[in-house]
Amino acid sequence: MKEGCSMGGTAAAGGHGGHEGHAGAPAATSQQNPSPKARLAQPVQAVFDNYIKLQGSLAQDSLEGVSSTATAMVKAIRGDSMKMLSQKVAAQAEALAQAKDLETARAAFKPLSESLIQYLKDQKVPSGTYHEAYCPMAKASWLQTDTTIINPYMGKSMVHCGQIKT
């Protein structure tokens with residue numbers, strides 16, 4: 001186990017209770033925010049849906065489905081006639097699709113996360129749709145749909161390390 005994270009793991013009072021055992025399953029809704037989630041235009045929504053699957057897999061220390069999910073992101077971006085997401089994002093997803101181990105996959109996930117976080121800011125997507133989380137140990141942010149930290153950079157050893165930024 002890695003040591004050192006003293007982050008709370010959740011933005012809501014009550015800690016991690018009830019979340020052990022299914023840490024890798026991306027949460028579709030937040031108990032703290034029952035309001036409807038804003039939807040992004042297709043194919044951007046497909047990219048973000050696949051991104052959340054990747055986040056869950058990496059949090060479970062799994063590469064299962066990572067290549068095919070990242071490849072689906074690349075196809076959605078490159079097939080978008082309106083070019084809503086840049087080719088840089090497609091290249092970042094492609095690098096993740098080619099990862100052969102967790103360390104490489106997590107390294108590729110960082111710039112992809114940064115680009116998608118910036119996209120949401122640029123598009124002024126309402127807060128509560130996606131939450132930006134940050135891990136001080138990995139020195140990296142990611143997006144998730146719930147307020148309970150599910151850390152893709154530390155995996156099972158420190159799945160709740162980090163904090164919600166937005």
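Keep in mind it's a predicted model, so treat the numbers as computed, not measured.

## A few points about the overall build of the protein chain
Right, so step 1: Tallying secondary structure elements over the protein chain gives four helices and three strands in all.
Right, so step 2: Counted from the first residue to the last, the protein chain has its helices and strands arranged as α-α-α-α-β-β-β.
Right, so step 3: Taken over 166 residues, the protein chain has a buried fraction of 47%.
Right, so step 4: A fraction of 62% describes how many contacts in the protein chain between residues 6 or more apart in sequence connect residues 24 or more apart.
Right, so step 5: Surface accessibility of the protein chain: about 8300 Å² in total, with carbon and sulfur atoms responsible for 53%.

## A closer look at the packing of aromatic side chains
Right, so step 1: Counting across every chain of the model gives five aromatic pairs.
Right, so step 2: With centroids separated by 5.2 Å and ring planes inclined at 45 degrees, the aromatic side chains of Phe48 and Tyr130 adopt a geometry described as tilted. Of this pair, Phe48 sits in helix α1 (residues 44-59) while Tyr130 sits in the loop between α4 (102-122) and β1 (131-135), and the two are 82 residues apart along the sequence. Each member of the pair Phe48 and Tyr130 is classed as buried.
Right, so step 3: Judged by centre distance (4.9 Å) and plane angle (10 degrees), the ring pair of Tyr51 and Phe109 falls under stacked. One end of the pair, Tyr51, is in helix α1; the other, Phe109, is in helix α4, and 58 residues separate them in sequence.
Right, so step 4: By the ring-pair criterion, three or more aromatic residues cluster together here, those being Tyr51, Phe109, Trp142 and Tyr153.
Right, so step 5: Lying across the ring of Tyr153, Lys110 places its NZ or CZ 5.8 Å from the centre.

## Brief notes about the pairing of strand β2 (residues 140-144)
Right, so step 1: Burial analysis of β2 places five of its five residues in the buried class, which makes it a mostly covered element.
Right, so step 2: Residue alternation in β2 divides its side chains into two sets, Ala140, Trp142 and Gln144 and Ser141 and Leu143, and both sets are buried.
Right, so step 3: In this structure, β1 lies alongside β2, joined through five bridges in antiparallel fashion. Along β2, the bridge assignment pairs Tyr134 with Ser141.
Right, so step 4: Here β1 folds back onto β2, and the loop between the two strands holds four residues, one of which, Lys139, carries a positive phi near 55 degrees.

## Overview of the environment of Glu64
Right, so step 1: For Glu64, the position within the fold is in the loop between α1 and α2 (66-78).
Right, so step 2: C-alpha of Glu64 to C-alpha of Leu54: the two residues are 10 residues apart in sequence and 9.4 Å apart in space.

## What about the confidence of the model for the protein chain?
Predicted coordinates in areas of low pLDDT are best not read in detail.
Right, so step 1: Per-residue confidence for the protein chain averages 82 on the pLDDT scale, and 77% of its residues sit at or above 70.
Right, so step 2: Taken together, the stretch residues 10-36 has pLDDT below 50 and engages in 34 contacts with residues farther than four places along the chain or on a different chain.

## Observations regarding α1
Right, so step 1: Between its terminal C-alpha atoms α1 stretches 23 Å, which fits the 22 Å expected from 16 residues at 1.5 Å a residue.
Right, so step 2: When you tally the buried positions in α1, you get 13 out of 16 residues, the bulk of the element.
Right, so step 3: Downstream of α1 by a residue or two, Asp61 has a phi angle that is positive, lying close to 60 degrees.

## Digging into the pattern of salt bridges
A side chain of one charge can pair with a side chain of the opposite charge when the charged atoms of the two come close.
Right, so step 1: Under the definition given, this model contains four salt bridges.
Right, so step 2: Between Glu94 and Arg78 there is a salt bridge; the shortest N-O distance is 3.4 Å. One end of the pair, Glu94, is in helix α3 (residues 87-97); the other, Arg78, is in helix α2, with 16 residues separating them in the sequence.
Right, so step 3: On the accessibility criterion, Arg78 (39% relative accessible area) is partly exposed.
Right, so step 4: Between Glu132 and Lys121 there is a salt bridge; the shortest N-O distance is 3.7 Å.

Rules used in this analysis
Per chain, residue numbering runs from 1 following the sequence as it is written. In view of the model being predicted, local features appear only for residues whose pLDDT reaches at least 70, and side-chain atom pairs are presented and counted only at 80 or more, with totals across whole chains, interfaces and linings using the full set of residues. Excluding hydrogens and water, the side-chain values take into account all heavy atoms of the structure. Numbered from the N terminus, helices here are DSSP runs of H or I no shorter than four residues, and strands are runs of E no shorter than two. Each residue is placed in one exposure class: buried if its accessible area under a 1.4 Å probe, protein chains only, is under 20% of its type's maximum, exposed if it is over 50%, and partly exposed if it falls in between. For this analysis, residues touch if any pair of their heavy atoms sits within 4.5 Å. Computed by Shrake-Rupley with a 1.4 Å probe, the accessible areas treat only the displayed protein chains as cover when residues are assessed. Only centres within 6.5 Å qualify two rings of Phe, Tyr or Trp (six-membered ring in Trp) as a pair; their planes then separate them into stacked at under 30 degrees, edge-to-face at over 60, and tilted for everything else. A positively charged side chain is recorded as over a ring if its NZ (Lys) or CZ (Arg) lies within 6 Å of the ring centre. The angle to the ring normal must also be within 35 degrees. If DSSP finds at least two bridges between two strands, the strands pair. Scored between 0 and 100, pLDDT is the confidence that the predictor attaches to each residue. The span you would expect from a helix comes to 1.5 Å times its residue count less one. Each salt bridge in this description consists of a side-chain nitrogen of Lys or Arg and a carboxyl oxygen of Asp or Glu lying within 4 Å of one another.

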